[in-house]
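Next come the chains, spelled out residue by residue.
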Amino acid sequence: YNLLWILALVCPPVYYSINAGQNTGWMFLFHCATIAALASTQHARAGIYLAAGLLKPHLFLPQVAFVAAARRWKTVGVFAIFAILIVAISMAIFGPDVFAREWNALQSPLYQKYETEHAYKMFSWISFWKLLLGKNVFSTILGGIFALAVFARTIWLWSRADEKTDIALLGALSVATTVLV
């Protein structure tokens, strides 16, 4: 059943619509599903949802770090298996250079111009400081320092999680952290 979801997500029409920016709802659902699975100790299911979220890796790889800090190894292991499966299927469908094409698109001058023009709409510490202080090295460094501090604090909180910890609340904090980083 879960394999069907993975196959659906990597099929070309779904992949291109999600990759073209039609993904906020999907990412929100994957985050909610991951938090719900972790809160109900369905660790394997949480790993599958984290892997499905790799359509936007910058939103889900930090979540894997948080889960690893909490020593939820079954979740991390299932994530790894399904992440490898997604990469293999993606490469089989789109060709082995699919990831290089995505990386090159992000480095293009057009994307960089778009990022600067729309920084006021983005939610991150780097965008915040660029908007406040302008696009310069200092604002990038300051944003990076703030992002690293928030990320480190969230890792610390997850590493202290025990059976009394409200995993749903910690998960929500983690999503906010991921967006700001």
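The structure this text deals with has already been given above.
Here the structure is a predicted model, which means the values were calculated and not measured.

Colleague: Before we go on, may I ask you to explain the side chain of Gln63 in this structure?
Modeller: With respect to the helices, strands and loops of the structure, Gln63 is situated in helix 5 (residues 57-69). Relative accessible area serves as the criterion here: at 7%, Gln63 is assigned to the buried category. Within the structure, the side chain of Gln63 is placed 3.1 Å from the backbone oxygen of Ser174, a separation counted as a polar contact. Setting aside chain neighbours within four positions, we find Gln63 in contact with His31, Leu50, Ser174, Val175 and Thr178.

Colleague: Even after reading the chapter, I still don't get the side chain of Thr75, so can you show me in this structure?
Modeller: Looking at where Thr75 falls in the secondary structure, it is placed in helix 6 (residues 73-94). For Thr75, a relative accessible area of 0% corresponds to the buried category.

Colleague: Mind showing me how you'd approach helix 6 here?
Modeller: Between its first and last C-alpha, helix 6 extends 31 Å over 22 residues, near the 32 Å set by a 1.5 Å rise per residue. For helix 6, the complete set of buried residues consists of Thr75, Val78, Phe79, Phe82, Ala83, Ile86, Ile89, Ser90 and Phe94. Taken down its axis, helix 6 places every buried residue within 140° of arc, on the same side. Those residues of helix 6 that are exposed and aimed more than 90 degrees away from the buried face are Trp73, Ile81, Ile84 and Ala92. At the exit of helix 6 stands Gly95, carrying a positive phi of roughly 100°.

Colleague: Got a minute to help me understand the packing of helix 10 (residues 137-159) against helix 11 (residues 167-180) in this structure?
Modeller: Contact pair helix 10 / helix 11: the axes reach a minimum separation of 10 Å and the direction vectors enclose 160°. Overall, the two elements helix 10 and helix 11 adopt an arrangement that is roughly antiparallel. For the element pair helix 10 and helix 11, the recorded crossing hand is left-handed. Packed against helix 10, whose contacting residues are Val150, Phe151, Thr154, Leu157 and Trp158, the element helix 11 presents Ile167, Leu170, Gly171, Leu173, Ser174 and Thr177 at the interface. Among the residues making up the contact of helix 10 with helix 11, the classes are represented as seven nonpolar, four polar and no charged.

Colleague: I keep staring at the packing of aromatic side chains and nothing clicks. Help me out?
Modeller: The description of an aromatic ring pair rests on the distance of the ring centres and on the angle between the ring planes. According to the stated counting rule, one finds two aromatic pairs in the structure shown. Judged by centre distance (5.3 Å) and plane angle (50°), the rings of Trp129 and Phe146 are tilted. Of this pair, Trp129 sits in helix 9 (residues 125-133) while Phe146 is found in helix 10, placing the two residues 17 residues apart along the sequence. On the accessibility criterion, Trp129 (14% relative accessible area) is buried. Exposure remark for Phe146: the relative accessible area of 33% places this residue in the partly exposed category.

Colleague: Explain a nonpolar patch on the surface here, please?
Modeller: Taken together, the side chains of Phe128, Leu132, Leu133 and Phe138 define a hydrophobic patch exposed on the protein surface, amounting to about 400 Å² of accessible area. Residue placement: Leu133 occurs in helix 9. Note on Leu133: relative accessible area 39%, which makes it partly exposed.

Colleague: Would you take a moment to explain unusual backbone geometry for this structure?
Modeller: Note: most residues except glycine have negative phi, and most peptide bonds are trans. With a phi angle near 55°, Thr41 is a residue other than glycine that sits in the positive phi range. The residue Thr41 is located in the loop between helix 3 (24-39) and helix 4 (43-52) in this model. Using a relative accessible area of 58% as the deciding quantity, one classes Thr41 as exposed. Positive phi, close to 60°, is recorded for Arg71, a residue that is not glycine. You can see Arg71 is positioned in the loop between helix 5 and helix 6. Under the relative-accessibility criterion, Arg71 is labelled partly exposed at 47%.

Colleague: Help me understand empty space enclosed by the protein in this model?
Modeller: Rolled over the atoms, a probe as big as a water molecule pinpoints where empty space is left. Inspection of every chain in the model, using the stated rule, returns three cavities of 30 Å³ or more. Considered as a void within the structure, the largest cavity measures approximately 70 Å³ in volume. In terms of lining residues, the largest cavity is bounded by His31, Thr34, Ile35, Leu38, Leu50, Gln63, Val67, Trp158, Gly171, Ser174 and Val175. Only helix 3, helix 5 and helix 11 provide two or more residues apiece to the lining of the largest cavity. For the lining of the largest cavity, the residue count by class is six nonpolar, five polar and no charged.

Conventions used here
- Residues numbered from 1 in each chain as written.
- Predicted model: local features only at pLDDT ≥ 70, side-chain atom pairs only at ≥ 80, totals over all residues.
- Heavy atoms only, no water.
- Helix = DSSP H or I, 4+ residues; strand = E, 2+ residues; numbered from the N terminus.
- Buried < 20%, exposed > 50% of the residue type's maximum accessible area, 1.4 Å probe, protein only.
- Polar contact = N/O pair within 3.5 Å; in protein donor to acceptor, adjacent residues only side chain to side chain.
- Contact = heavy atoms within 4.5 Å.
- Expected span 1.5 Å × (residues − 1).
- Arc of directions from axis to C-beta.
- Axes fitted to C-alpha atoms, helices over the stretch in contact; angles between N-to-C directions.
- Parallel < 35°, antiparallel > 145°, perpendicular 65-115°, else oblique.
- Left-handed = near helix turned anticlockwise from the far one by under 90°.
- Nonpolar A, V, L, I, M, F, W, Y, C, P; charged D, E, K, R; others polar.
- Phe/Tyr/Trp six-rings, centres within 6.5 Å; stacked < 30°, edge-to-face > 60°.
- Patch = residues over 30% accessible without salt bridge, like charges linked within 9 Å, V, L, I, M, F, W, Y side chains within 5 Å.
- Areas by Shrake-Rupley, 256 points an atom, 1.4 Å probe, with all protein chains shown as cover.
- Salt bridge = Lys/Arg side-chain N within 4 Å of Asp/Glu carboxyl O.
- 1 Å grid on protein atoms, 1.4 Å probe; cavity = no way out; pocket = protein on both sides within 12 Å on 5 of 7 lines; lining within 4 Å.
- Points joined across faces, edges and corners; volume = space filled by probe spheres on them.

All quantities given are derived from atomic positions and should not be read as evidence of function.
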